[in-house]
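Now for the letters of each chain:
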Amino acid sequence: QVQLVESGGGLVQAGGSLRLSCAASGRTFIAYVMAWFRQAPGKEREFVAAITGSGGGTTYADSVKGRWTISRDNAKNTVYLQMNSLKPEDTAVYYCAASQRVVRTPEAYVYWGQGTQVTVSS
């Protein structure tokens, strides 16, 4: 069992930055691929970024590639999402999730956090 708690969301102007954190419980954090998804009102949940257990591999959605960075600190059981050059279209609830595979489909992720709201004003 893994419990995930996100933090770091908020209101920011376009062009600004935020860093999301996701703290995980449990001793097997390193065994999991960790990912960030987002869901805007009226839209499906979409993949943002994922990182392998060791942190050596990352993958990003095209919409955030080059702007954002996913990282993890296995000693702290925490995964981060550094979001730079934010755009109004990045407004959504952001969720972290854990899986045993590097995939982009939400259905493959077993554990989910409660989400944190990110709002980007123009």
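For the structure itself, consult the block above.
Residues numbered from 1 in each chain as written. Predicted model: local features only at pLDDT ≥ 70, side-chain atom pairs only at ≥ 80, totals over all residues. Heavy atoms only, no water.

A closer look at the pattern of salt bridges
Turning to step 1, where the next piece is worked out: Tallying each qualifying case throughout the model produces four salt bridges.
Turning to step 2, where the next piece is worked out: The closest approach of N and O atoms between E46 and R38, which form a salt bridge, is 2.6 Å.
Turning to step 3, where the next piece is worked out: With a closest N to O distance of 2.9 Å, R67 and D90 form a salt bridge. With R67 in the loop between β6 (58–60) and β7 (68–73) and D90 in the loop between β8 (78–83) and β9 (92–99), this residue pair connects regions lying 23 residues apart in the sequence. Of the two residues, R67 and D90, neither departs from the other in class, the shared state being buried.
Turning to step 4, where the next piece is worked out: Shared partners join several salt bridges into a network, and the residues in it are R38, E46, R67 and D90. (Salt bridge = Lys/Arg side-chain N within 4 Å of Asp/Glu carboxyl O. Helix = DSSP H or I, 4+ residues; strand = E, 2+ residues; numbered from the N terminus. Buried < 20%, exposed > 50% of the residue type's maximum accessible area, 1.4 Å probe, protein only.)

With respect to the packing of aromatic side chains
Turning to step 1, where the next piece is worked out: All told, the structure shown has seven aromatic pairs when counted by the stated rule.
Turning to step 2, where the next piece is worked out: Ring geometry for Y95 against W112: centres 6.3 Å apart, planes inclined by 80°, an arrangement best described as edge-to-face. Of this pair, Y95 sits in strand β9 while W112 is found in strand β10 (residues 111–112), placing the two residues 17 residues apart along the sequence.
Turning to step 3, where the next piece is worked out: Three or more aromatic residues joined by ring pairs make a cluster, and in this case those are F37, F47, Y95, Y109 and W112.
Turning to step 4, where the next piece is worked out: Above the plane of the ring of W112 lies R45, whose end atom (NZ or CZ) is 4.7 Å from the centre. (Phe/Tyr/Trp six-rings, centres within 6.5 Å; stacked < 30°, edge-to-face > 60°. Lys NZ or Arg CZ within 6 Å of the ring centre and 35° of its normal.)

Some thoughts on the sheet that holds strand β3 (residues 18–24)
Turning to step 1, where the next piece is worked out: The sheet built from four strands is open, its strands ordered β1-β3-β8-β7 with antiparallel pairing. Two strands close off the open sheet at either side, each with one partner strand: β1 (4–7) and β7. For this sheet, the mean inter-axis angle between neighbouring strands, taken without regard to orientation, is 15°.
Turning to step 2, where the next piece is worked out: As paired strands, β7 and β8 are joined by six bridges and run antiparallel to one another. In the sheet register, R72 faces β8, and the bridge partner there is V79. (Pairing = 2+ DSSP bridges. Axes fitted to C-alpha atoms, helices over the stretch in contact; angles between N-to-C directions.)

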